[in-house]
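Coordinates in review
Below, each chain spelled out in residue letters.
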Amino acid sequence: MTEAIAKGEAVLLRQAYDKFVAEYSFKPVAAAAAPGRVNLIGEHVDYCEGFVLPVALPFLTVVVGAYNNSDECQVLSILGNGQEVKAIFPATTASGLKPGEPAWANYVKGVLANFPEKVSGFDVVIVSDVPMGSGVSSSASLEVAFFTFLEALTGTRVEPVKKAQLCQKAEHEFPGMPCGIMDQFIVTMGKKDHALLIDCRSLEAKHIPMDSTEAVILVVNSNVKHQLTGSEYPQRRAQCQEAANKLKIPSLRSADINDLAELKCLKCDELVCKRATHVVEEIARTEEVAKLLPQKDFSEVGIRFYQSHESLSKLMEVSCPELDQLVNIMKSSPGVYGARMTGGGFGGCVIALVKKEFVEDVKRKVEAQYSGSPVFFVCQPSDGARILKLQ
Ligand code: GLA
């Protein structure tokens, strides 16, 4: 059985520090870390200004570095499999930055270009144990870790909501992914033992306590990534905006059941109606789960998890056979209250709310019945981005 185990801040920092000294022959002066995330509920609604309820994970991206007295930035990234990749690009004091090759460096360049101050040349090492391409926000983790590193390096601090917005803008402009605000927000503002209810319209957020003495969130990585996300995600976003435009409202956040009926009267495209139905119902479910979770009403939370998955699969059409299979296995597993896909979809992870004493049984059942190779971890709600001290 494969478990994903977080290495922890100290181990990753040591690895990054030692690599920096070996690579550049001097010591780093600034360091920062930012986590990955899972979303409990509120899927594909952040870009409609809805409510989302994500949790920061103990998996981290750590960045260490120092100025190098030049006009050039060197970024060495050590991937999960130990492979090293390097990118070199001009400092923002020297010239403007543009997206380009290598593609992975666009996350870093986008953040540098959006940092509120011009930064002269630096050398950097990045290490991360956030699973890549698994729908747990390795991209936002990299963006926010790098932004936080720039804060440590320059001494310029940016307030958290602004920071999340700048990292989101970086992702829109450089990798070209029109994401919502959820990932950058939770990665910046996560808190140990809490989920975060984010109002994506007002950008106000509330920490929701998560007590894991009776039930836990078991995360199962399906280990599949279908190459659809690139084109399908912007389409979903556009379809939701089309529904809002038809209703003459700024976003679907302001829509209710009557508006869904109205869309049908307006002879709105069937797919657009389906997407709008998902969004309106998912926003309501998310607000409900944020109330039910602290009351430990796990059965009611679980019902909403299953409803959310069904809706993502049938109305939003962002699931895939592997995720559907995992949720179905959960449905017939004793001790499981509910399960759903999490993140953008087309692969990645499923989360299940499970009675603590049943976790091992559930894992064994998934291992025996799932057609792919699952990787498991129990979600431990963790802290958001932070500057790290170097000795
Ligand atoms: C991706 C995006 C988020 C959000 C989710 C779906 O993770 O980055 O902004 O839209 O998909 O909930």
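Residues numbered from 1 in each chain as written. Predicted model: local features only at pLDDT ≥ 70, side-chain atom pairs only at ≥ 80, totals over all residues. Heavy atoms only, no water.

1. Some words on the site of the ligand
The condition is simple: The near set for a molecule or strand comprises every residue that places at least one heavy atom within 4 Å of it. Polar contact is the term for a pair of N or O atoms within 3.5 Å; when the atoms are in protein, one must be able to donate a hydrogen and the other to accept it, and sequence-neighboring residues count only if both atoms are side-chain atoms. Only the protein chains shown count as cover for residues, and all accessible areas are computed by the Shrake-Rupley method using a 1.4 Å probe. Polar here means any residue other than Ala, Val, Leu, Ile, Met, Phe, Trp, Tyr, Cys and Pro, which are nonpolar, and Asp, Glu, Lys and Arg, which are charged; Gly is therefore polar.
Within the structure, the ligand sits among R37, E43, H44, D46, Y47, C179, G180, M182, D183, Y233, G343 and G344. One of the backbone nitrogen or oxygen atoms of H44 is found 2.7 Å away from an oxygen atom of the ligand. Within the side chain of D46, one N or O atom sits 2.5 Å away from an oxygen atom of the ligand. Burial of the ligand by the protein amounts to 94% of the accessible area it has alone, namely 300 Å². In the shell around the ligand, the residues fall into four nonpolar, four polar and four charged.

2. Regarding the packing of helix 3 (residues 138–154) against helix 4 (residues 160–173)
Counted only if it meets this: Note on definitions: angles span 0 to 180 degrees between N-to-C directions of axes, and those axes are lines fitted to C-alpha atoms, for helices only across the stretch in contact. Counting from the N terminus, the helices are the DSSP runs of H or I reaching at least four residues and the strands are the DSSP runs of E reaching at least two. Throughout this description, any angle smaller than 35 degrees is read as roughly parallel, any larger than 145 degrees as roughly antiparallel, any in the 65 to 115 degree range as roughly perpendicular, and the remainder as oblique. Throughout, a crossing is termed right-handed when the near helix is turned clockwise from the far one, and left-handed when it is turned anticlockwise from it by less than a right angle. The contact criterion used throughout is that any non-hydrogen atoms of two residues lie within 4.5 Å.
Contact geometry of helix 3 with helix 4 gives a least axis separation of 10 Å together with a crossing angle of 125°. One way to sum up the angle between helix 3 and helix 4 is to call them oblique. Judged by the sense of rotation from one axis to the other, the crossing of helix 3 with helix 4 is right-handed. From helix 3, S139, E143, V144, F147, T148 and E151 reach across to helix 4, where they touch K163, L166, C167 and E171.

3. Let's talk about the environment of P54
Secondary-structure assignment places P54 in strand 4 (residues 54–67). Linking P54 and V38, residues 16 residues apart in sequence, is a C-alpha distance of 5.7 Å. Ignoring any residue separated from it by four or fewer positions in sequence, one finds P54 in contact with R37, V38, N39, L40, M182, I186, A195, L196 and I198.

4. Thoughts on the side chain of K363
The condition is simple: Only protein chains enter the accessibility calculation, which uses a 1.4 Å probe; a residue whose area is less than 20% of its type maximum is buried, one above 50% is exposed, and one in between is partly exposed.
Along the chain, the position of K363 falls in helix 11 (residues 359–369). Classification of K363 as buried rests on a relative accessible area of 3%. Not counting residues within four places of it along the chain, the set of residues in contact with K363 comprises M1, E3, L218 and F376.

5. Concerning the sheet that holds strand 1 (residues 2–3)
This is how it is decided: The criterion for strand pairing is that DSSP finds at least two bridges linking the strands in question.
Spatially, 1-13-10-12-11 is the arrangement adopted by the five strands of the open sheet, whose pairing is mixed. Strands with a single pairing partner mark the edges of an open sheet, and in this sheet they are strand 1 and strand 11 (336–342). Relative to strand 12 (residues 347–355), strand 11 runs antiparallel, the two being bridged by six bridges. When the bridges of strand 12 are listed, T342 appears paired with C349. Together, strand 10 (215–225), strand 11 and strand 12 form the strand contacts of helix 9 (residues 298–314), whose direction differs from that of strand 11 by roughly 35°.

6. Regarding the nonpolar core
Selection criterion: The definition of a nonpolar core used throughout is a set of buried Ala, Val, Leu, Ile, Met, Phe, Trp, Tyr and Cys residues joined through side-chain atoms within 4.5 Å.
Residues L40, L53, F122, F146 and M330 are the most contacted members of the largest nonpolar core, which totals 126 residues. Beyond its immediate chain neighbours, meaning those up to four positions away, M330 contacts L218, V220, Y306, V336, A339, A352, V362 and V366.

7. Observations regarding the state of the cysteines
Quick reminder of the rule: Any pair of cysteine sulfurs within 2.5 Å is marked as a disulfide.
For the structure shown, the criterion picks out zero disulfides. Here C73 is not cross-linked by a disulfide; its sulfur's nearest cysteine counterpart is in C167, at 16 Å. With a relative accessible area of 0%, C73 lands in the buried category.

8. A word on the sheet that holds strand 3 (residues 51–52)
The three strands are arranged 3-8-9 in an open sheet whose pairing can be described as antiparallel. Each edge of the sheet is formed by a strand with only one pairing partner; in this case those strands are strand 3 and strand 9 (205–209). Strand contacts of helix 5 (residues 182–189): strand 3, strand 8 (194–199) and strand 9, with the helix running at about 135° to strand 8, the strand carrying the most contacts.

9. Looking at the packing of helix 3 against helix 5
As a packed pair, helix 3 and helix 5 sit with axes 9 Å apart at the nearest point and diverge in direction by 55°. It follows from the interaxial angle that helix 3 and helix 5 lie oblique. In this structure, the crossing between helix 3 and helix 5 has a hand that is right-handed. Contact residues: A140, S141, E143 and V144 in helix 3; D183, Q184, V187 and T188 in helix 5. Classifying every residue of the contact of helix 3 with helix 5 gives three nonpolar, three polar and two charged.

10. A short note on the side chain of T154
Position of T154 relative to the elements: it lies in helix 3. Polar side-chain contacts of T154 include one of 2.7 Å to the backbone oxygen of L150. Of note is the side chain of T154, whose polar atom sits 3.1 Å from the backbone nitrogen of T156. Setting aside its immediate chain neighbours within four residues, T154 contacts Y67, F115, E117 and V119.

11. Observations concerning the pattern of salt bridges
The test is simple: Take a side-chain nitrogen of Lys or Arg and a carboxyl oxygen of Asp or Glu: if they are within 4 Å of each other, that pair is a salt bridge.
One pass over the structure, following the stated rule, counts 23 salt bridges. The shortest N-O distance in the salt bridge between E232 and R236 comes to 2.9 Å. Taken as a pair, E232 and R236 lie in helix 6 (residues 229–247) at a separation of four residues, close to a single helical turn. As far as burial versus exposure is concerned, E232 and R236 are alike and both buried. Among the ionic contacts, a cluster of salt bridges with common partners joins E43, E282, R285 and R340.

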